[in-house]
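# Remarks on the overall topology
Here's the letter readout for the chains.
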Amino acid sequence: MNTQTRKATALAFPNIALIKYWGNRDQSLRLPSNDSLSFNLGDLRTTTTVEFDPLLTRDEVSIDGYKVSAQAYERVAHHLDRLADYSDIAEIDCGERRDMSECRPRARVISNNTFPMGVGIASSASGFAALTLAACAALGIKKSESELSGLARLGSGSACRSVPGGFVAWHDGYAVSIAPPAHWPLMDVIAVVSRAHKAVGSTEGHAMADNSPLQAARLSDTQRRIRQCEEAIANTNFTLLAEVIEQDALLMHGVIMTSQPSVLYWEPATLSVMRAVRELREDGLPVAFSIDAGPNVHCICEAHALKQVKQAIRQIEGVLEVIESGVGGPATVIPHQS
Ligand code: DP6
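Residues numbered from 1 in each chain as written. Predicted model: local features only at pLDDT ≥ 70, side-chain atom pairs only at ≥ 80, totals over all residues. Heavy atoms only, no water.

Reading across the sheet, the 6 strands line up as β8-β7-β9-β6-β1-β16 and stay open at both edges, with mixed pairing between neighbours. Every interior strand has two partners, whereas the edge strands, β8 (66-67) and β16 (332-334), have only one. Bridging between strand β7 (residues 60-63) and β8 involves 2 bridges; their strand directions are antiparallel. Following the sheet pairing, Ile-63 is matched in β8 by Tyr-66. Along the sheet face, helix α1 (residues 70-84) touches β6 (46-52), β7 and β9 (107-113) and points at about 120° away from the line of β9. (Pairing = 2+ DSSP bridges. Helix = DSSP H or I, 4+ residues; strand = E, 2+ residues; numbered from the N terminus. Contact = heavy atoms within 4.5 Å. Axes fitted to C-alpha atoms, helices over the stretch in contact; angles between N-to-C directions.)

Turning our eyes to something else, we now look at the domain arrangement of the protein. When its domains are assigned, the protein resolves into domain 1 (6-180) and domain 2 (181-326). Here domain 1 and domain 2 have C-alpha centroids that lie 25 Å from each other. In this complex, domain 1 contributes 33 residues to the contact, which on the side of domain 2 involves 48 residues. When the two sides are added together, the surface that domain 1 and domain 2 hide from each other amounts to roughly 3200 Å², 66% of it contributed by carbon and sulfur. Counting the surface domain 1 buries against domain 2, the share from its top three residues, Leu-18, Lys-20 and Trp-22, is 26%. Across the contact surface, domain 1 and domain 2 share 1 salt bridge. Among the ionic pairs, Asp-292 bridges to Lys-20, the shortest N-O distance being 2.7 Å. Where domain 1 meets domain 2, there are 17 residue pairs in polar contact (both at pLDDT 80 or more). Mapped by element, the contributors of at least two residues to the side of domain 1 that touches domain 2 are β2 (15-19), β5 (36-40) and β11 (174-179). (Domains from an automatic or database assignment. Buried area = accessible area lost by both parts, 1.4 Å probe. Salt bridge = Lys/Arg side-chain N within 4 Å of Asp/Glu carboxyl O. Polar contact = N/O pair within 3.5 Å; in protein donor to acceptor, adjacent residues only side chain to side chain.)

Before going further, it helps to examine the site of the ligand. In the vicinity of the ligand there are 17 residues, among which Arg-30, Ser-156, Gly-157, Ser-158 and Thr-203 approach most closely. For the ligand, the protein covers 96% of the area, taking 460 Å² as the surface of the free molecule. The element best represented in the shell around the ligand is helix α5 (residues 202-208), accounting for 3 residues. By residue class, the composition of the shell around the ligand is 5 nonpolar, 7 polar and 5 charged. Inspection of the shell around the ligand shows a minimum of three residues originating in each of domain 1 (6-180) and domain 2 (181-326). (Near = heavy atom within 4 Å. Areas by Shrake-Rupley, 256 points an atom, 1.4 Å probe, with all protein chains shown as cover. Nonpolar A, V, L, I, M, F, W, Y, C, P; charged D, E, K, R; others polar.)

Below, the structure written as C-alpha cells:
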C-alpha cells in the first residue's frame, strides 16, 4: 500500500463584486446567467492546506480550528472528488471507471481566515479558490490560471474571481484579470450591521433568481452595466463607478426581494449606511455602496477618502464593526518549507 502523503498550501483573497453574479443558467455547473466584475480584497486572507493521506478513511475539514457542518463538509468533499478526477497519479487511478468519490485518497483540509466569517465577506470565494489551488498542487495537477479559475467556479461561483489578481472579469466559464491591484488603489470599508447567519444562502438565492419578474430586466441590461463599469475602471472614473455599482447592487436586491419566496436581507442600519454614503458623496467624497446577499454594506472609496469614510461610518447607529481592505493580487500556492 502506498502511504505517501501529498500536501500543498495556497493563499487566496475574497472579492467584492462591483457588478454582481446572481442566478445561473446551469445551476450544477455554476455557469452564471450574467457576467460580473470584482476586485480582490488583499488585506483579508484565506490560507488552506490540503494533505492527501492514504491512511485516512474519510476527509477531515476544519475552518478556523472548527470542524465544518455536514453541508459544508459534503461540498468540500465533492469538490475534492472532482479535482482528483484531473489527476493522473498512479495510486488514484481507479481503472476504467474512475469514480473518485470511491477511490481517491482522503484529505486533511485545514483552512484559516484572517477575517471573521458571517460578516458579509464571501469566505466561500477565497475558500474554494485556495482549496482548488492547494488540492491541484498536492495532486500534481498542472493547469493555467483560467483553468484553475474554471475549476474553482465549480465549488463556488464567485471563487473563480478570486483566482486571478486585481480587478477581475468573469465571463461564462472562468474569470480573468483586467487590471492589476496598483491600477486603482480603491478601498472597501465594510460596515458590519449584523453577524447573524443569513437565512437564505447564495446557492439557494441563485436558484430562486428566475422566479422574480425583475430578473429578466436585470439580465437584459447587464452588458451595459459591465461596459460602464469597465470604462470606469479603465479611466479610474469614480463618479461613473459610483453610479453603476449602486445601481447594480440595487437591481440584484430588487430581484432578491421579489423572488419567491421573497428575501429581505436589509436591516434598518443597512439603509442608514446607504444614506450616509450618498451624503458623503454629495459632500465631495469618492465613496459608493455595494451590498452582497446579506445586510452588511461595502463602502467602496478611493484611498485618500479612507479616513473620513471610516470615521463617518463608525458613528452610524447599528454599525457593529468596520473592516477595511485594499485591492489584492491573485491566489497563489505557498511553497512548503522542508
Ligand atoms: C451576492 O458565489 O457565493 O456575492 O456559487 O452558490 O457559492 P455559490 O454562490 P456565490 O454567490 C455570490 C453572490 C454575490 C454576488 C457576487 O459575488 O457576484
